[in-house]
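One letter stands for each residue in the lines below.
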Amino acid sequence: MFAEADSIPRAKYANMMHSDPNLSSTMTHQTEEEYGLRNSSASAVGTGMYDRMSCEGSPMMMSPWNQATPFTQTQWSNVEENLPQNGLIGSLVREEGHIYSLAATKDLLYTGSDSKNIRVWKNLKEFSAFKCNSGLVKAIVISGEKIFTGHQDGKIRVWKVSPKNQSLHKRSGTLPTLKDIFKASLKPRNYVEVKKHRTALWIKHADAVSCLSLNDEQGLLYSASWDRTIKVWRIADSKCLESIPAHDDAVNSVVSTTEAIVFSGSADGTVKAWKRDQQGKHTKHTLMQTLTKQESAVTALAVSKNGAAVYFGSSDGLVNFWEREKQLNYGGILKGHKLAVLCLEVAGSLVFSGSADKTICVWKRDGNIHTCLSVLTGHTGPVKCLAVEADREASERRNKKWIVYSGSLDKSVKVWGVSESFIDMNQMAGGASSHRRR
């Protein structure tokens, strides 16, 4: 049912990754942390055994707008108005840092990198920026006028947008708050062991925050960390309600759904489903099901809007999916990448997968059949993060279109226009593939 797991031990895999030039040639001197993943199993080096057509010679590949341009200053390059249905709209290249996180809301795009700046873009132009002294921004989520950012230093920072001036952002706090840290520190029972011979307050992350997920309906924020835990925060008062000892290795992804289910993926090779129960002012999460346990690290998660499908990407370059009817059942596998899948997004009937192989695969779901509509190429480094929003200016209602933002370790953000009805015949002829369960 599942693809055979890589049998290489993790420690040996790490040594191979740094010593074998064939494995590391695509990203010279890239460390695992630069991919935003923890430990050897979560590296961005895949098996390279699954071939997909590169679309060389296609109009999209030959277009001059599909090439990254090393601008010395921030600027967008725009293509002509008569775009193909799936194609590049613009490209932004900055020299200040690799792009690790993206968030889109209405007409604004937020970008986080390993520099000290979080930048805001509007209409493909720089709109504003605010400085964060902690450096690497690994996750960004937006709830109303609040922006939450997760960082390498294990902290979650909260920012507020000025109601009078949308370009002004002010830091309004940190999770956990200093008040809560002080109160918790007075009681010895609030200290838990996080590493051998090291304890810390249970309300604080002891390692990098890798992912954030919002549940606006319940007013909750979930944070996943390399410290192997998931923490649950109440947005209204910034309190940590619960710390879930979720995995045996770094947690790389967490997704909260509207149906009181939370999914988490880890470098330990597992995907877990958690059931949320509300207990007065607090929450209690219990393990419902372990969806998979594999040798390859789980590096990305995405859930369809109605919760009918759960997708997870792995360091072996594969995307597996589960379907939910009365219960969660394994659905199949999507083979489209040669290296690790680093990010996933679901929008409408489309699934987007970004990879260390520098490409983005666009999949269309019809029942449990997935067809690769196209492969978006142009990045010169691993695609680390994706954000998708509806194209509000699309003229034809029947031809649903999406604006896709991709952030890469090549220090660029690219903006794509993607139609649900577009099919790249090169892919149909023998490129990426989907396999159903039997």
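Since we're looking at a predicted model, the values are computed, not measured.

## Considerations on the overall build of the protein
Here comes step 1: Helices and strands together make up the secondary structure of the protein, namely five helices and 32 strands.
Here comes step 2: A total of 438 residues make up the protein; the buried ones form 57% of that total.
Here comes step 3: Long-range contacts, defined here as pairs at least 24 residues apart, represent 49% of the contacts in the protein between residues at least 6 apart.
Here comes step 4: In the structure as shown, the protein presents an accessible area of about 20,100 Å², 49% of it carried by carbon and sulfur atoms.

## Observations regarding the UniProt feature "repeat: WD" (unreviewed entry) in the protein
Here comes step 1: With numbering aligned to this structure, UniProt lists the feature "repeat: WD" (unreviewed entry) at residues 202-243, 244-275, 291-323 and 334-364.
Here comes step 2: The annotated region residues 334-364 carries 0% helix and 65% strand content, and the separation between its end C-alpha atoms amounts to 11 Å.

## A short note on a positive patch on the surface
Here comes step 1: The grouping of Lys-155, Arg-171, Lys-195, Arg-198 and Lys-204 at the surface amounts to a positive patch.
Here comes step 2: Along the polypeptide, Lys-155 turns up in the loop between β8 (146-151) and β9 (156-161).

## Section: the pairing of strand β6 (residues 125-131)
Here comes step 1: Bridge count for strand β5 (residues 117-122) against β6 is six bridges, and the pairing is antiparallel. What sits directly across from Lys-122, in β6, is Lys-125.

## A short note on the sheet that holds strand β7 (residues 137-143)
Here comes step 1: A sheet is described by the order of its strands in space; here four strands give the open sequence β7-β8-β9-β10, paired in antiparallel fashion. Edge strands, defined here as strands with exactly one partner in the open sheet, are β7 and β10 (169-175). On average, each strand axis in the sheet is tilted by 25° relative to the strand beside it, whichever way the strands run.

## Looking at the sheet that holds strand β18 (residues 261-266)
Here comes step 1: Across the sheet, four strands lie side by side as β17-β18-β19-β20; this open sheet has antiparallel pairing. Only two strands of the sheet have a single neighbouring strand rather than two, namely β17 (251-256) and β20 (282-293). Across the sheet, the mean angle from the axis of one strand to that of its neighbour is 25°, orientation sign disregarded.
Here comes step 2: Where β17 lies against β18, five bridges are found, and the strand directions are antiparallel.

## Let's talk about the packing of aromatic side chains
Here comes step 1: Across all of its chains, the model carries three aromatic pairs by this definition.
Here comes step 2: Between Trp-322 and Tyr-330, the ring centres sit 5.8 Å apart and the planes meet at 75°, which makes this aromatic pair edge-to-face.

## Concerning the side chain of Asp-180
Here comes step 1: Within the secondary structure layout, Asp-180 lies in helix α4 (residues 178-185).
Here comes step 2: Relative accessible area serves as the criterion here: at 12%, Asp-180 is assigned to the buried category.

## Regarding the environment of Ala-224
Here comes step 1: Along the chain, Ala-224 falls in strand β14 (residues 220-225).
Here comes step 2: Ignoring anything within four residues of it in the chain, the contact list for Ala-224 reads Ala-208, Val-209, Ser-210, Cys-211, Thr-229, Val-251, Ser-253 and Val-254.

## Some thoughts on the environment of Thr-270
Here comes step 1: Considering the arrangement of structural elements, one finds Thr-270 in strand β19 (residues 270-279).
Here comes step 2: Sequence-wise, Thr-270 and Val-298 are 28 residues apart; in three dimensions their C-alpha atoms are separated by 6.6 Å.
Here comes step 3: When neighbours within four sequence positions are excluded, Thr-270 is seen to be in contact with His-247, Ser-264, Gly-265, Thr-290, Thr-292, Lys-293 and Val-298.
Here comes step 4: Within the structure, the side chain of Thr-270 is placed 2.6 Å from the side chain of Asp-268, a separation counted as a polar contact.

## Here's the deal with the pattern of salt bridges
Here comes step 1: Scanning the entire structure with this criterion turns up eight salt bridges.
Here comes step 2: When the shortest N-O distance is used, the salt bridge between Lys-122 and Asp-107 registers 3.6 Å. A residue pair is termed long-range when its members are at least 10 positions apart, and Lys-122 in strand β5 and Asp-107 in the loop between β3 (99-105) and β4 (108-113) qualify at 15 residues.
Here comes step 3: For Asp-107, a relative accessible area of 29% puts it in the partly exposed group.
Here comes step 4: A salt bridge links Arg-234 to Asp-237, with the shortest nitrogen-to-oxygen separation between them at 2.7 Å.
Here comes step 5: A relative accessible area of 21% means that Arg-234 is categorised as partly exposed.
Here comes step 6: A single network of salt bridges, built from pairs that share partners, joins Glu-96, Arg-119 and Glu-126.

## Brief notes about unusual backbone geometry
Here comes step 1: Leu-175 connects to Pro-176 through a cis peptide bond whose omega is -5°.
Here comes step 2: Looking at the secondary structure, you find Pro-176 in the loop between β10 and α4.
Here comes step 3: One non-glycine residue with positive phi stands out, namely Leu-124, at about 65°.
Here comes step 4: Counting through the fold element by element, Leu-124 comes out in the loop between β5 and β6.

## Notes on the confidence of the model for the protein
Interpreting fine coordinate detail is not advised for predicted regions of low pLDDT.
Here comes step 1: In this model, the protein carries an average pLDDT of 81, and 75% of its residues clear a pLDDT of 70 or more.
Here comes step 2: Counting interchain partners and residues more than four positions distant, the pLDDT-below-50 stretch residues 1-32 has 55 contacts.
Here comes step 3: Overall, residues 39-84 carries pLDDT values under 50, and its contacts beyond four positions in sequence, including any with other chains, amount to 128 contacts.

## A look at the state of the cysteines
Here comes step 1: Throughout the structure, instances matching the rule amount to zero disulfides.
Here comes step 2: The closest cysteine sulfur to the non-disulfide-bonded Cys-361 is located on Cys-372, 4.6 Å from its own sulfur.
Here comes step 3: In this structure Cys-361 comes out as buried when scored by relative accessible area, which is 0%.

## Observations concerning the environment of Thr-229
Here comes step 1: Relative to the helices and strands, Thr-229 is located in strand β15 (residues 229-234).
Here comes step 2: For Thr-229, a relative accessible area of 13% translates into the label buried.
Here comes step 3: The sequence separation of Thr-229 and Val-209 amounts to 20 residues, and the corresponding C-alpha distance is 9.8 Å.

Rules behind the numbers
Residues numbered from 1 in each chain as written. Predicted model: local features only at pLDDT ≥ 70, side-chain atom pairs only at ≥ 80, totals over all residues. Heavy atoms only, no water. Helix = DSSP H or I, 4+ residues; strand = E, 2+ residues; numbered from the N terminus. Buried < 20%, exposed > 50% of the residue type's maximum accessible area, 1.4 Å probe, protein only. Contact = heavy atoms within 4.5 Å. Areas by Shrake-Rupley, 256 points an atom, 1.4 Å probe, with all protein chains shown as cover. UniProt positions renumbered as here; feature names shortened; annotations may be inferred. Patch = residues over 30% accessible without salt bridge, like charges linked within 9 Å, V, L, I, M, F, W, Y side chains within 5 Å. Salt bridge = Lys/Arg side-chain N within 4 Å of Asp/Glu carboxyl O. Lys, Arg positive; Asp, Glu negative; His and termini not counted. Charge placed at Lys NZ, Arg CZ, Asp CG, Glu CD. Pairing = 2+ DSSP bridges. Axes fitted to C-alpha atoms, helices over the stretch in contact; angles between N-to-C directions. Phe/Tyr/Trp six-rings, centres within 6.5 Å; stacked < 30°, edge-to-face > 60°. Polar contact = N/O pair within 3.5 Å; in protein donor to acceptor, adjacent residues only side chain to side chain. pLDDT = per-residue confidence, 0-100. Disulfide = S-S within 2.5 Å.

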